[in-house]
Amino acid sequence: AKTIITYGTFDMFHVGHLNLLRRLNEMADRVIVGVSTDEFNIGKGKKVLIPYEQRADIVSAIQYVDLVIPEKSWEQKLSDVKEYQVDTFAIGKDWEGKFDFLSDLCEVVYLDRTDSISTTDLKRSLKRF
Ligand code: C2G
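Quick caveat: nothing in here was measured; it's all calculated off a predicted structure.

Peer 1: Which residues make up the overall build of the protein, and what values do they have?
Peer 2: Within the protein one finds five helices and five strands. N-terminal to C-terminal, the α/β element order of the protein is β-α-β-α-α-β-α-β-β-α. In terms of overall size, the protein behaves like a compact globule, its C-alpha atoms giving a radius of gyration of 14 Å where 129 residues would be expected to give roughly 14 Å. Projected onto its principal axes, the C-alpha positions of the protein cover 45 × 30 × 25 Å. Burial analysis of the protein (129 residues in total) assigns 43% to the buried set. In the protein, the share of contacts with a sequence separation of at least 24, taken over all contacts with a separation of at least 6, comes to 62%.

Right, here's the structure in full:
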């Protein structure tokens, strides 16, 4: 059975996230998602609106997702791939090339993003209310 893993913040869950997770489910039998912890996002310089517990709860409820783990560091991808016998690592093309170091351990795939939606745009449009 094929296992695929991805990582992300998944703040203010939207169809861009959903489309990606649906794609992963089409590509593998088991889908694992590393949801970035609040602390890790500070390290990414990324402000999040929704706390980790709630972001992890929402991702866990998505039918395409089999397992949610916390993403606490950049390095954990190496041990996660081994621990969960991952066949493929996949992430959106905004990260193209950044995780090629994993290609010794598993297939590395960069997927098209969904256009015209992002948490940044959602936050900006919310400000207008
Ligand atoms: N995504 C997408 N289309 C969008 C927005 C996001 O396909 N319109 C994808 C991203 O490419 C990523 C996933 O949804 O694969 C999660 O996006 P983010 O929550 O923005 O992830 P990010 O904060 O970039 O964290 O170690 C990897 C990092 O944790 C990725």
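Next comes the rest of the write-up.
Peer 1: Residue-level account of the UniProt feature "domain: Cytidyltransferase-like" (unreviewed entry) in the protein, with values.
Peer 2: Under the UniProt annotation, "domain: Cytidyltransferase-like" (unreviewed entry) lies at residues 5-124. As annotated, residues 5-124 comprises 37% helix and 22% strand, and the C-alpha atoms at either end are separated by 30 Å.

Peer 1: So, the side chain of Q76: which residues are in play, and what are the values?
Peer 2: With respect to the element layout, Q76 can be found in helix α4 (residues 76-83). For Q76, the contacting residues outside a window of four places in its chain are Y7, I69, P70 and E71.

Peer 1: Can you explain the site of the ligand? Please cite residues and give values.
Peer 2: Around the ligand there are 22 residues in total, and T9, K46, E71, K77 and I117 lie nearest to it. Within the contact set of the ligand, an oxygen atom lies 2.7 Å away from a side-chain nitrogen or oxygen of T9. Within the side chain of K77, one N or O atom sits 2.8 Å away from an oxygen atom of the ligand. Here the ligand, which alone exposes 640 Å², has 96% of that area covered by the protein. Sorting elements by how many residues they give to the shell around the ligand places helix α1 (residues 15-27) first, with three residues.

Peer 1: Just give me the short version of the sheet that holds strand β3 (residues 67-71), but keep the residues and values in it.
Peer 2: Overall, parallel pairing links the five strands, which are arranged β3-β2-β1-β4-β5 in an open sheet. Every other strand in the sheet has two partners, leaving β3 and β5 (107-111) as the edge strands with one partner each. Direction aside, neighbouring strands of the sheet carry axes that sit 25° apart on average. Pairing of strand β2 (residues 30-36) with β3 involves five bridges; the strand directions are parallel. When the sheet's bridge partners are listed, V35 is paired in β3 with P70. Together, β2 and β3 form the strand contacts of helix α3 (residues 52-61), whose direction differs from that of β2 by roughly 165°.

Rules used in this analysis
- Residues numbered from 1 in each chain as written.
- Predicted model: local features only at pLDDT ≥ 70, side-chain atom pairs only at ≥ 80, totals over all residues.
- Heavy atoms only, no water.
- Helix = DSSP H or I, 4+ residues; strand = E, 2+ residues; numbered from the N terminus.
- Rg over C-alpha atoms; globule rule 2.2 N^0.38 Å.
- Buried < 20%, exposed > 50% of the residue type's maximum accessible area, 1.4 Å probe, protein only.
- Contact = heavy atoms within 4.5 Å.
- UniProt positions renumbered as here; feature names shortened; annotations may be inferred.
- Near = heavy atom within 4 Å.
- Polar contact = N/O pair within 3.5 Å; in protein donor to acceptor, adjacent residues only side chain to side chain.
- Areas by Shrake-Rupley, 256 points an atom, 1.4 Å probe, with all protein chains shown as cover.
- Pairing = 2+ DSSP bridges.
- Axes fitted to C-alpha atoms, helices over the stretch in contact; angles between N-to-C directions.

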